[in-house]
Amino acid sequence: MNNFRDSDAAQEKFVKYYKKYRNSPMKVLLGFYTGQYHKFLISCFFYLIKHSPALFSPLLIANVINGVLAGGETAKRAILVNAGIWLALLAIHLPANYLYAMYRSRVTRGTEAGLRSALVRKLQELSIPYHTRMQSGRLQSKIIRDVEAIETLSSQLFNNVLNIVMNLFITIGITAVKNRLILVFFVLVAPVASLTVIAFRRRIGKVNRDFRLEMEETSARVMEMVEMVPVTRAHALEEVENERMARQLQATAEKGYRLDILQSNFGAAGWVVFQVFQAFCLIFTGFMALKGRILVGDITFYQTSFTTVVNQFTALINLLPLITKGLESVTSVGEVLSSDDVEQNEGKEVLPDLKGAFEFKNVRYAYPGTEGHVLDDINLTIPEGETIAVVGESGSGKTTMMNLLIGFMEPDRGQILVDGKDMKSIDLKSYRRFLSVVPQMPLLFTGTLRDNIAYGMENATDEEIMAAAKAANLGSMIEKLPNGLDTMLEEHGANLSGGQRQRIAIARAVIRNPKMIILDEATSALDVVSEKEIQNALERLVKDRTTFVVAHRLSTIKNADRIVVLEHGRIVEAGTYEELMEKQGVFYHMESLQMSTVKNNKA
Ligand code: ADP
């Protein structure tokens, strides 16, 4: 359907012009459309044809009046010929309109889709730290709102601006041929008239914005109120809420009233100003006709032409804010598309398999733009199949260590070896095929239980999915569900318990049959039954696979082959549970504290 089906091509082209004309978004946009201009021109051509009845009718009417005033045969001929032309122009309006819309929409909609998929693709490539820096809302707004603004800008630019120019050109052209003096009048008076009209509209614009902001505030408050209903009800605070909303609604109503009155006054005033200018035009052309410098019928022609010229100027000036907004969006999209913060995997060694032996060698890491190292001097050798529990206070660097292992970031100094190879030299995509990550807060999406378990494993059979579910202790739950694996999950799995969500995440890990597992245990307390079920599931999952656990629960820590204790980004202790307890160091104190809390809670 269009040239931009291929999102790579769209991205490449956009980035090329963005890098070339970074400070001139208009050039970026025009560059982006190179190769498509002819479609806009064709679309404009059909617009001209479709619009011709409106463009030429004043002239045709004037011709008829002049003909009738002349009388006799001329009159008859003038009526028939001009009406005939008018009907003929009307006959081609519908087909021309179709072709106009088709050409225009093809280019702009195609571009819109192309830009969006280019952005989506880019987001999938951008590094995890980039995503952490940019809030997801901002990126979402780029994909939806900025692209829409660019699409609007493009249609405005290529169609409306060209159409405005064309309208002006034809109207002024005919006037120039018919009478130069009137042309001078138009050129001097029309811009003044349109500026005056706009000055009035601007005023309305401001009040309108105030009202819109108030409306947005109201809808935010309503949202908040609805979310708060259970709390409000529980505390019998309905009247307080009603009163608060009533005040907000009253304020909105007052702003709305002001807007209505002002809109009406300024609208009327603007209209009167415009009509006054038209009256001047009528006086001017009337006297011209009286003096015999123009034909009587031409008065209507000039009158309509004047209106057209003023309207076109007004439209052009009104387009300016839209254009500014669209150009801002071009820059905003360009920033993302041209970002170099992506993972470089090309040309690196592809791992055909993973055994699961790891080694940290003098690893140091600091988040960009922050002071001090989050991890330093990390030295650790992990043979394949071992389970390592990483413990430490909040902020000690556990998550950062896991993110380095996934390859989200690279160490600033030192190396991480995977099966003896430096992680910097391997294709991380190939490495991650052998990884399963079970996050602290499992991320589920709207879809069936089956889709959520088999995420990314399209070819998994029902048996495999069920086996993974059973391994994750989900078997009896699924059997109880009327729709089994086809049960729909609500957004983020809202219709599930915390324990169930975690077990789905575990099933998702199991089905990948990974060689290495990263497990971030949930800190939140679970009931004894859920805890036990998850524990069993985890034991099955980690068996014979290299596993890194950010551990909070005693059971996981006890079962680990080795425990690594982090403090301020350094390994302060490492060993088995028994060894560390015997040593009576940092770990011993942490454990004693935790155990006494557990006992107190149970008591
Ligand atoms: P833990 O998982 O042990 O709680 P983290 O690895 O999350 O610790 O964090 C270690 C330190 O790094 C903390 O001081 C935290 O504030 C800092 N940190 C974590 N993420 C970022 C980030 N994206 N940018 C800057 N500092 C960060």
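Structure: see above.
Residues numbered from 1 in each chain as written. Predicted model: local features only at pLDDT ≥ 70, side-chain atom pairs only at ≥ 80, totals over all residues. Heavy atoms only, no water.

(A) Just the overall build of the protein chain, in detail. Secondary structure assignment for the protein chain yields 20 helices and twelve strands. Radius of gyration (C-alpha) of the protein chain: 36 Å, far over the 25 Å computed for a compact globule of 603 residues. Along the three orthogonal principal directions, the C-alpha set of the protein chain runs to about 120 × 65 × 55 Å. When each of the 603 residues of the protein chain is scored for burial, the buried share is 44%. Sequence separation of 24 or more characterises 75% of the internal contacts of the protein chain that already satisfy a separation of 6 or more. A total of about 32200 Å² of accessible surface is found on the protein chain, and carbon and sulfur atoms cover 59% of it. If you average the places of the 68 positive and of the 65 negative side-chain charges in the protein chain, the two averages end up 11 Å apart. (Helix = DSSP H or I, 4+ residues; strand = E, 2+ residues; numbered from the N terminus. Rg over C-alpha atoms; globule rule 2.2 N^0.38 Å. Buried < 20%, exposed > 50% of the residue type's maximum accessible area, 1.4 Å probe, protein only. Contact = heavy atoms within 4.5 Å. Areas by Shrake-Rupley, 256 points an atom, 1.4 Å probe, with all protein chains shown as cover. Lys, Arg positive; Asp, Glu negative; His and termini not counted. Charge placed at Lys NZ, Arg CZ, Asp CG, Glu CD.)

(B) Geometry of unusual backbone geometry. Backbone geometry places Ala236, a non-glycine residue, at a positive phi of 55°. Note on placement: Ala236 falls in the loop between helix H8 (180-234) and helix H9 (238-290).

(C) Fine view of the packing of aromatic side chains. This structure, assessed with the given rule, holds 17 aromatic pairs. Ring centres of Phe32 and Tyr33 lie 5.8 Å apart, and the angle between their planes is 65°; on these two criteria the pair is classed as edge-to-face. In this structure Phe32 comes out as buried when scored by relative accessible area, which is 0%. Of the residues examined, Tyr33 reaches a relative accessible area of 1% and is grouped as buried. Relative to Phe186, the ring of Phe185 has its centre 6.4 Å away and its plane inclined at 55°; by these criteria the two rings are tilted. For the pair Phe185 and Phe186, a shared accessibility class is recorded, and that class is buried. (Phe/Tyr/Trp six-rings, centres within 6.5 Å; stacked < 30°, edge-to-face > 60°.)

(D) Layout of the pattern of salt bridges. In the structure shown here, the tally under the stated rule is 21 salt bridges. Salt-bridge contacts for Lys178 lead to Asp298; the nearest nitrogen and oxygen are separated by 3.4 Å. Of this pair, Lys178 sits in helix H7 (residues 136-178) while Asp298 sits in helix H10 (residues 298-337), placing them 120 residues apart in sequence. Here Asp376 ties to Arg364 by a salt bridge, and the two come within 3.1 Å at their closest N and O atoms. (Salt bridge = Lys/Arg side-chain N within 4 Å of Asp/Glu carboxyl O.)

(E) Quick look at the site of the ligand. Taken together, Tyr367, Thr370, Val374, Glu393, Ser394, Gly395, Ser396, Gly397, Lys398, Thr399 and Thr400 are the residues near the ligand. Between the ligand and Lys398, the relevant distance is 2.9 Å, taken from an oxygen atom to a main-chain nitrogen or oxygen of the residue. Within the complex, 59% of the 560 Å² of free accessible area of the ligand lies under protein. In the shell around the ligand, the residues fall into two nonpolar, seven polar and two charged. (Near = heavy atom within 4 Å. Polar contact = N/O pair within 3.5 Å; in protein donor to acceptor, adjacent residues only side chain to side chain. Nonpolar A, V, L, I, M, F, W, Y, C, P; charged D, E, K, R; others polar.)

(F) Broad picture of helix H11 (residues 398-406). When you tally the buried positions in H11, you get eight out of nine residues, the bulk of the element. Residues of H11 that are buried include every one of Lys398, Thr400, Met401, Met402, Asn403, Leu404, Leu405 and Ile406, and no others.

(G) Molecular detail of the sheet that holds strand S1 (residues 358-365). One open sheet holds the four strands; their spatial order is S2-S1-S4-S5, and the pairing between them is antiparallel. Pairing within the sheet leaves two strands with one partner each, and these edge strands are strand S2 (375-382) and strand S5 (421-422). Here H11 sits on the sheet in contact with S1, S2 and strand S4 (413-418), set at roughly 120° to S1. (Pairing = 2+ DSSP bridges. Axes fitted to C-alpha atoms, helices over the stretch in contact; angles between N-to-C directions.)

(H) Fine view of the packing of helix H2 (residues 25-32) against H10. Running from amino to carboxyl end, H2 crosses H10 at an angle of 75°, the nearest separation of the two axes being 9 Å. As summarised for this structure, H2 and H10 are arranged roughly perpendicular, according to the angle between their axes. Two secondary-structure elements touch here, H2 through Pro25, Met26, Val28 and Leu29 and H10 through Ile323, Leu327, Val330 and Thr331. Partitioning the contact of H2 with H10 into residue classes produces seven nonpolar, one polar and no charged. (Parallel < 35°, antiparallel > 145°, perpendicular 65-115°, else oblique.)

(I) Highlighting a nonpolar patch on the surface. Taken together, the side chains of Ile61, Ile65, Leu69, Trp86, Leu87, Leu90 and Val296 make up a nonpolar region of the molecular surface, amounting to roughly 620 Å² of accessible area. If you list the elements that add at least two residues to the nonpolar patch, you get helix H3 (37-70) and helix H4 (72-91). Within the secondary structure, Val296 sits in the loop between H9 and H10. Residue Val296 is classed as partly exposed on the basis of its relative accessible area of 48%. (Patch = residues over 30% accessible without salt bridge, like charges linked within 9 Å, V, L, I, M, F, W, Y side chains within 5 Å.)

(J) Representation of H7. Between its first and last C-alpha atoms H7 spans 60 Å; for 43 residues at 1.5 Å apiece the expected length is 63 Å, and the two agree. The sharpest bend along H7 measures roughly 35° and falls at Lys142. (Expected span 1.5 Å × (residues − 1). Bend = angle between axes of the 7 residues up to and from the residue.)

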